[in-house]
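A closer look at the structure
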Amino acid sequence: MNRTKLLVLIAGIAAVIIAVVVVLSVLLTRQGSENGENINDYVNTCELPKNEQLPFCDSNLAINARVDDLVGRLTIKEKIDLLINRAVGASENVDLPYYNWWNEALHGVANDIYPNLGTHFRPPTEHSTVFPQIISLSSSFDRELFFRMANVTGNEARAFYNAGNAGLTFWSPNINIYRDPRWGRGQETPGEDPFLSSEYARVFINGLQGDEQRVGFLKVSACCKHFAAHSIEEDRYSFDAVVDDRDMADTYLPAFKACVENNVSSIMTAYSAINGVPATAHKEYITDLIRGQWGFDGYVVSDCGAVVNVFEDHLYTNTESETCHAVLDAGVDIECGFVDSFFFGRFLQTAFDEGIVTEALMDAALKNGFRVLMRLGYFEKEENRPYKEFLPQDIDNQYHQELSLVAARDSIVLLKNNVNNSPLLPLNAQNFGGSFTSLALIGPHVNGSDVFLGNYHGIPSSIKVPLDEIQKFVSNLQWELGCDVESSDVNRLNEAEELARTSSQVILFVGINTEIEGEFGDRHDILLPGLQPELISRVLNMAQRPVILVLVSGGAIDLSLYKNDPRVGAIVWAGYIGQSAGEAIAEVLFGHHNPSGRLTQTFYDSSYLGQVDIKDMNMRPVGGSVGRTYRFYTGEPVYPFGYGLSYTTFEHTFSTAGNEIAFSQFSSNCVTVQLSVRNVGSIFGDHSILWFVAPPNAGVSGRPLKTLVEFEKLHSIPPSGTRIVDICLSNRMFQLANTDGEFEIITGTWTLMVEDESRSIIVT
């Protein structure tokens, strides 16, 4: 055999081997997707031989034309397989690889917490940056920080995709209103206020999705969830949220409307029903309101398993085929489900064969999804593929880690700091006669790590724990758990008590975790669980001086016993503040960072739970209820929305002369009110300005007591330094929803409030 024939033979054998490998790869990919395995490896769809010359891969054509071409080439079976989040793909007329729509990025790219997520923490993307849980991050009231976190998360998400370890569609943010402290997933939200939630949503979408207008493509796709009026875990699959028009208009819908106004590319429906109609089959809301009135241009996805719930739990439809039609006709485009439980996969073919679901209805849903993938550059050839610069080595890099620390610091809320009218914090040697003699750390979260990650989190490269970080400040340190979070094991209580007796200062680390509050679980009380109350009592009785209480939780804890107890000198709400938690807490305790966080939820005492049923969706006091959130709650909170202390003191003065300001709803000019903010303390400090308005007859006939209308974060105000802050009064600030859910400007005397300062606004 001559050399030429040998080379030809070798080339032929190599070609056969490559072909076999390709075939096996395709078969394994499809088999893997059908068996529920996580296979999401990157494939450039428009570089595949069958696709590269087809119109849907021609970037010179308009997106709608490309989408029409793609959908027109699919068989009915392929269309059905593509209407679920684990989209099997297509092979007859086009080659579409498996694609998983389900990826999470609540506060950083999230781990595959469910076996069928599309995101994989495997080489070369073993880690992601874990930022504070959103209920804590929102306490910063810092739009710039919201954006920076979301931007970094979006960059890391693209890097995961570029490595073949994630999709491009991420189902975040959660912008439901945290209306009841028992709700397990309230930790995922920006809190109880509609305006703050709306502003957070706007900024998060900007950061995660990137500048589509400038770049020409979305960076990744954001998804606002769970539409709408969702805030309960127990019985969520069959729960009917009975909501009146006014609450829907001014509480449950504003953040979702803000999402649409800011070009969000996806919305997820809730499990529950809204006034008798399952949210996943609610055409009035999905098609008429979201798409029709608001102009939403994206895809709608069901929460995972919610299509099944329409039929089996809400009993809304009589047959499986009717259910398929009801959901698609309402405007849902993708069914999220679990392995082997896709409702569309089991029943959509029958619904089509029976003529109950038309091909046009399926096509409309497919086009909404494919249009978003087109906007993401998913169907671009390699030379036009956007955001290729985001690489695995950029994930959890030094800048991202530093940002996680900044976010953790700014998320911490100082609730109490008073010993005989003097602050206990920050700790320094001077407090102890020139040097620390002994410092004791006691409590179940002293050595906490994963607890600080909250839920829907990724895998950080490291977690800073309080014990390690505090030891960097104090070498003479002892610690004792005393008890764990929930158990009744009393074995370590005596050791904790003795350590408190022999130490010059005690810091107690107590709280809850995501096994107590989280998805699938609402709390039944807001007390510290297990033996923690006894631990605290014993320590307080034995400690030489007032203790410092560090609280780890997402939702509110009843702190009424400790708020006015002189044995508790300071209370720090740390929350689930991410991978840098321990370092941030230590820096705050020892004065290397001046806390500036403010609560975005009301901290109630336990009696509140007996006054309002968790399933009562009314925000206003109705039928004996005391109302919900700072806007309507008629009782006395332990710590109110917006509360938070600093190590310095700020003085606020309205610069506008006189006590009354005129505002006409017909004026085209902006009425500007100025506020002077002066640091009258001795150290630098950040400070959040929260502007509230109270309407005429506040609290009467369903009117709110007050409402947040603007906020601004001021950074690094020096001692004796002054900043001037402006607010532009606009019509939206003086509108209230009526009983029909329509907004009206209310004339009369309003009150504009910042801290203890106020001005009357005469609205004509």
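Structural notes, computed from the coordinates.

The rules behind the values
- One numbering rule holds for all chains: residues counted from 1, following each sequence as written.
- Local features in this predicted model are restricted to residues of pLDDT 70 or higher, and side-chain atom pairs are both shown and tallied only at a pLDDT of 80 or more, whereas totals for entire chains, interfaces and linings draw on every residue.
- Hydrogens and water molecules were not included; the side-chain quantities draw on all heavy atoms of the structure.
- The nonpolar core is taken to be a set of buried Ala, Val, Leu, Ile, Met, Phe, Trp, Tyr and Cys residues, with the residues joined through side-chain atoms within 4.5 Å.
- Only protein chains enter the area calculation, which uses a 1.4 Å probe; residues under 20% of their type maximum are buried, those over 50% are exposed, and those in between are partly exposed.
- Helix and strand labels come from DSSP, where a helix needs a run of H or I of at least four residues and a strand needs a run of E of at least two; each type is numbered from the N terminus.
- What makes two residues a contact is simply this: any of their non-hydrogen atoms within 4.5 Å.
- At least two bridges found by DSSP between two strands is the condition for calling them paired.
- Throughout, a disulfide means two cysteine sulfur atoms within 2.5 Å of one another.
- Throughout, the arc means that of the directions going from the helix axis to the C-beta atoms.

Overview of the nonpolar core
By size, the foremost hydrophobic cluster in this structure holds 135 residues, and its most contacted members are Trp-171, Phe-227, Leu-348, Phe-370, Phe-379 and Leu-708. Residue contributions to this core peak at nine residues, all from helix α5 (residues 143-162). Discounting chain neighbours no more than four positions away, the residues touching Leu-348 are Ile-80, Leu-83, Cys-324, Leu-328, Phe-343, Val-357 and Met-362. Core analysis: the second largest hydrophobic core is formed by 74 residues, Leu-425, Leu-441, Leu-528 and Leu-589 among them.

Quick word on the pairing of strand β23 (residues 748-754)
In this sheet, β23 lies alongside strand β18 (residues 685-694) in antiparallel orientation, the contact comprising three bridges. Each bridged residue has a counterpart across the sheet, and for Ala-694 the counterpart in β23 is Thr-751. Relative to strand β24 (residues 757-763), β23 runs antiparallel, the two being bridged by seven bridges. Residue pairing across strands places Trp-750 opposite Ile-761, the latter belonging to β24. Taking the residues that link successive antiparallel strands as the turn, the β23-β24 hairpin has two residues, and the phi of Glu-755 there is positive, at about 55°.

Thoughts on the state of the cysteines
For the coordinates displayed, the defined rule picks out four disulfides. Residue pairing for Cys-224: its cysteine sulfur links by disulfide to Cys-259, the two sulfurs lying 2.1 Å apart. Linking Cys-224 and Cys-259, the disulfide has an S-S dihedral of approximately -90° and is accordingly described as left-handed. In this pair, Cys-224 is assigned in strand β3 (residues 224-227) and Cys-259 in helix α9 (residues 254-261), connecting sequence segments 35 residues apart. Pair check on accessibility: Cys-224 and Cys-259 agree, each one buried. At a sulfur-sulfur separation of 1.9 Å, the disulfide partner of Cys-304 is Cys-336. Here the S-S torsion is close to 80°, and the disulfide linking Cys-304 with Cys-336 is therefore right-handed. In this pair, Cys-304 sits in the loop between β8 (299-301) and α11 (306-312) while Cys-336 sits in the loop between α12 (320-330) and α13 (343-353), placing the two residues 32 residues apart along the sequence. When its relative accessible area of 5% is taken as the criterion, Cys-304 is described as buried.

Concerning helix α17 (residues 493-501)
Within the sequence span of α17, burial applies to Leu-493, Ala-496, Leu-499 and Ala-500. Summarising the axial view, the buried residues of α17 lie within an arc of 125°, below the 170-degree limit, and thus occupy one face. Contacts made by the buried residues of α17 are with β10 (439-442), β11 (477-480), β12 (505-511) and α18 (532-542).

Treat this as a map of the structure, not an account of what it does.
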